[in-house]
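# Architecture and fold: a report
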Amino acid sequence: MKQEFFTLGSFEFPADVQIIKGKLEAEGIQVFLRDENTINSDPLISSAIGGVKLQVYTTDMERAKLIFDEVRNYATDMEGKPIVCPNCKAERSEIYYSRSSVFYKLFPFFEPKKYRCTSCNFITKPES
């Protein structure tokens with residue numbers, strides 16, 4: 001029987017995924033970190049290959065999604081309040097960088113911060 005994988009999320013660095021990986025494994029879900037060793041050997045190529053991919057078997061996908069949503073960090077404003085999506089009003093946004101130009105790929109720290117809603121994928125810029 002062939003096992004298929006589902007990617008729960010991508011992370012810029014391997015250290016960013018360790019807590020979620022540990023929680024999933026503690027719940028009995030087998031976890032795979034795709035491209036972890038590649039990024040450990042050369043962290044500068046992380047954005048070029050899409051970061052470390054947190055993967056589980058498709059048979060564990062629904063349970064893994066629920067656990068992942070419990071422990072993941074969502075974006076907050078300067079006062080610690082969750083960022084609210086202007087499109088669907090969900091409080092589940094993550095920091096998002098598109099790195100759409102060569103300049104931002106070479107110098108990612110210059111790209112302005114944006115937020116992507118995990119519910120509807122709407123992208124917004126933070127309020128100043």
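This text goes with the structure placed above it.
In this report, we go over the structure that sits alongside the text. A quick note: this is a predicted structure, and the numbers were derived from the prediction, not measured.

### Some words on a nonpolar patch on the surface
Taken together, the side chains of Val102, Phe103, Leu106, Phe107, Phe109 and Phe110 make up a nonpolar region of the molecular surface, amounting to roughly 680 Å² of accessible area. Judged by relative accessible area, phenylalanine 103 falls into the partly exposed class, the value being 42%.

### Description of the packing of aromatic side chains
Per the stated rule, a full pass over the model turns up five aromatic pairs. Centroid distance phenylalanine 5 to phenylalanine 32: 4.9 Å. Interplanar angle 75°. Geometry classified as edge-to-face. With phenylalanine 5 in strand β1 (residues 5–11) and phenylalanine 32 in strand β2 (residues 31–34), the pair connects residues that are 27 residues apart, well separated along the chain. Judged by centre distance (5.3 Å) and plane angle (20°), the rings of phenylalanine 5 and tyrosine 57 are stacked.

### A word on the nonpolar core
Within the largest apolar cluster, 15 residues are counted, with the highest numbers of intra-cluster contacts made by Leu8, Leu24, Leu54 and Val56. Within the residue set of this core, elements represented by two or more residues are β1, α1 (18–26), β2, β3 (52–57) and α4 (61–71). When residues no more than four places from it in sequence are discounted, the contact partners of leucine 24 are Leu8, Ile29, Val31, Leu54, Val56, Ala64 and Ile67.

Rules used throughout
Residues numbered from 1 in each chain as written. Predicted model: local features only at pLDDT ≥ 70, side-chain atom pairs only at ≥ 80, totals over all residues. Heavy atoms only, no water. Patch = residues over 30% accessible without salt bridge, like charges linked within 9 Å, V, L, I, M, F, W, Y side chains within 5 Å. Areas by Shrake-Rupley, 256 points an atom, 1.4 Å probe, with all protein chains shown as cover. Salt bridge = Lys/Arg side-chain N within 4 Å of Asp/Glu carboxyl O. Buried < 20%, exposed > 50% of the residue type's maximum accessible area, 1.4 Å probe, protein only. Phe/Tyr/Trp six-rings, centres within 6.5 Å; stacked < 30°, edge-to-face > 60°. Helix = DSSP H or I, 4+ residues; strand = E, 2+ residues; numbered from the N terminus. Core = buried A, V, L, I, M, F, W, Y, C linked by side-chain atoms within 4.5 Å. Contact = heavy atoms within 4.5 Å.

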